[in-house]
Amino acid sequence: MTTWYCPLPFKHAFITSSGISACCQTPQQPIELEQWADSRHLKQFQEEILTGHPPKQCQGCVNQEKTTGKSLRTDSLQDYNHQRFTESDIDFIDYRANNICNFKCRSCEPRFSHGIANETKNNLILQKFHAVINQKIVSVTDSNAEWIRQNLPQVKRLMLTGGEPTLMPEIRSIVERVVYDKLDTCIMITTNASFEDDFWCELTRIHDNVHWTVSLDAVGPAAEIIRHGTQWSRVERNVRWLAANAASMNVNTVISGLNILQLGSLLKFVREIQAESIFPRGRHGKNGLRHQSTMVLPPNHLAASNLPPALKQHAISHVTECLTMDLDPEQTQMLQGLLTQLHETKFSPMAWHRNEIFNNELDRIRGQNHVKLYEKETFTN
């Protein structure tokens, strides 16, 4: 039997204004990047990993694997060709410079969007759902940013997220340094695909080692409610351009109760751009680009499986219908896991009540109507 293992605590540093951790799903420590590899906390975590059993900090991946068969851990094992490491050798940096973002996604939070931070700061209802941060804009320390600039030659993969990284001058300066010095560093950008600056298209043309992850939870008007700030025509244009021109690309979807009845049109759209990819035999096989999904993280009021009985039956019918579509294997596995969750999860009226309070308040602030998302879409197989 294969023992449980993850390479990230040995190879990776996840950096935000809150500190550093081995990945985005484990607790962050208030420490500087130059101290991370030799820190007591990391050494202890590595020892737990080497026992062959998942530490408690890794429960997020354990749960994700039960539902979809994949997780950040399984993806990382693939990225490192299932090698096992026993000592710190940080060559993968996930750098979240600040929370500047032009979107306010309903499943996001203030530390990743200054717009959400601004909404929450003086709203007592939203403060029941989000922690209040002292400043609307929070940033990584200059010393950590400087460490990255000085050590770029040893960094094999540099993940840039946010916030929205294409809006951040400090992110652009680091990217320009990689290109100017002709480094082979893989630049991995997670974006909401709202950019208008041609710099990002030019980067994709001149640097062969750029990987894009585009966050899409729905398409059309549904996307504009779920990921507030979306102008779908612009996002669609950029996504289709990247699909046709980027050497490597993912689409990432967060599955929640808000988009469960909107999945058909999203799946159809992703299959279209998979067909448009110019690299059909690339990193993700015949699909050209990968469609990966994660279930919404706690709080449970947004959980996809916590729906009132009538609405849950509606969702079961929709997910079942989606399974008849032309899908890639990962999409099929996600839907099957989601269907299992819908059948097995007991409805929590309290969590649903919190869902209504949260989304109704956002509707009031933003002039939207999230109830439209519970109307079953129509799509063509």
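Residues numbered from 1 in each chain as written. Predicted model: local features only at pLDDT ≥ 70, side-chain atom pairs only at ≥ 80, totals over all residues. Heavy atoms only, no water.

A. Representation of unusual backbone geometry. Between G162 and the following residue, G163, the backbone shows a cis peptide bond with an omega angle of 5°. By the secondary structure assignment, G163 is in the loop between β5 (157-161) and α8 (169-180). A positive phi angle, near 60°, is found at H82, a position not held by glycine. Within the fold, H82 resides in the loop between α5 (72-79) and β3 (92-96). (Helix = DSSP H or I, 4+ residues; strand = E, 2+ residues; numbered from the N terminus.)

B. Structural view of the side chain of D328. In this fold, D328 is placed in the loop between α13 (309-322) and α14 (329-344). Here E330 takes part through its backbone nitrogen, which lies 2.9 Å from a polar atom of the side chain of D328. (Polar contact = N/O pair within 3.5 Å; in protein donor to acceptor, adjacent residues only side chain to side chain.)

C. The arrangement of empty space enclosed by the protein in detail. All told, the structure shown has five cavities of 30 Å³ or more when counted by the stated rule. The space that makes up the largest cavity amounts to roughly 100 Å³. Around the largest cavity, the lining comprises 15 residues; the ones closest to its centre are C6, C23, T26, C58 and C61. Of all the secondary-structure elements, those providing two or more residues to the lining of the largest cavity are α1 (8-11), α3 (40-49) and α5. A per-class count over the lining of the largest cavity returns 11 nonpolar, three polar and one charged. (1 Å grid on protein atoms, 1.4 Å probe; cavity = no way out; pocket = protein on both sides within 12 Å on 5 of 7 lines; lining within 4 Å. Points joined across faces, edges and corners; volume = space filled by probe spheres on them. Nonpolar A, V, L, I, M, F, W, Y, C, P; charged D, E, K, R; others polar.)

D. Representation of the packing of helix α9 (residues 199-206) against helix α11 (residues 232-245) within the structure. Packing of α9 against α11 brings their axes to within 11 Å, and their N-to-C directions diverge by 10°. By the angle between their directions, the pair α9 and α11 is classed as roughly parallel. For the pair α9 and α11, contact is made by C201, T204 and R205 and by W241, L242 and N245, respectively. Residue composition of the contact of α9 with α11, grouped by class: three nonpolar, two polar and one charged. (Axes fitted to C-alpha atoms, helices over the stretch in contact; angles between N-to-C directions. Parallel < 35°, antiparallel > 145°, perpendicular 65-115°, else oblique. Contact = heavy atoms within 4.5 Å.)

E. Molecular detail of the state of the cysteines. Following the criterion strictly, the structure yields zero disulfides and no others. A disulfide-free cysteine, C186 has its sulfur positioned 17 Å from the sulfur of C24, the nearest such atom. Judged by its relative accessible area of 12%, C186 is buried. Take C201: it sits in no disulfide, and the sulfur closest to it among the cysteines is that of C186, at 18 Å. (Disulfide = S-S within 2.5 Å. Buried < 20%, exposed > 50% of the residue type's maximum accessible area, 1.4 Å probe, protein only.)

F. Local environment of the environment of T51. Tracing the sequence through the fold places T51 in the loop between α3 and α4 (59-68). On the basis of relative accessible area, T51 is assigned to the partly exposed category, the value being 49%. Remark: the alpha-carbon pair of T51 and V239, spanning 188 residues in sequence, is separated by 42 Å. A distance of 3.4 Å separates the side chain of T51 from the backbone nitrogen of H53, its partner in a polar contact.

G. Expanded view of α11. In this model, α11 (14 residues) spans 20 Å end to end at C-alpha, consistent with the 20 Å of a helix rising 1.5 Å per residue. Buried residues of α11: W232, R234, V235, N238, V239, L242 and A243, and no others. Projected down its long axis, α11 shows its buried positions confined to an angular sector of 160°, all on one face. Elements that come into contact with the buried residues of α11 comprise α9, β7 (210-215), α10 (220-226), β9 (248-255) and α12 (263-276). (Expected span 1.5 Å × (residues − 1). Arc of directions from axis to C-beta.)

H. Looking closely at the pairing of β7. Within β7, six of the six residues are buried, which leaves the element mostly enclosed by the surrounding structure. Neither face of β7 is open: one carries V210, W212 and V214, the other H211, T213 and S215, and all of them are buried. The pairing of strand β6 (residues 186-191) with β7 spans five bridges and is parallel. Directly across from T190, in β7, lies its bridge partner T213. For the segment spanning β6, α9 and β7, crossover handedness is right-handed. Note that β7 and β9 share five bridges and pair parallel. By the bridge assignment, H211 is partnered in β9 with S248. (Pairing = 2+ DSSP bridges. Right-handed = clockwise from strand over helix to strand, strands pointing away.)

The values are spatial; any link to function lies outside them.
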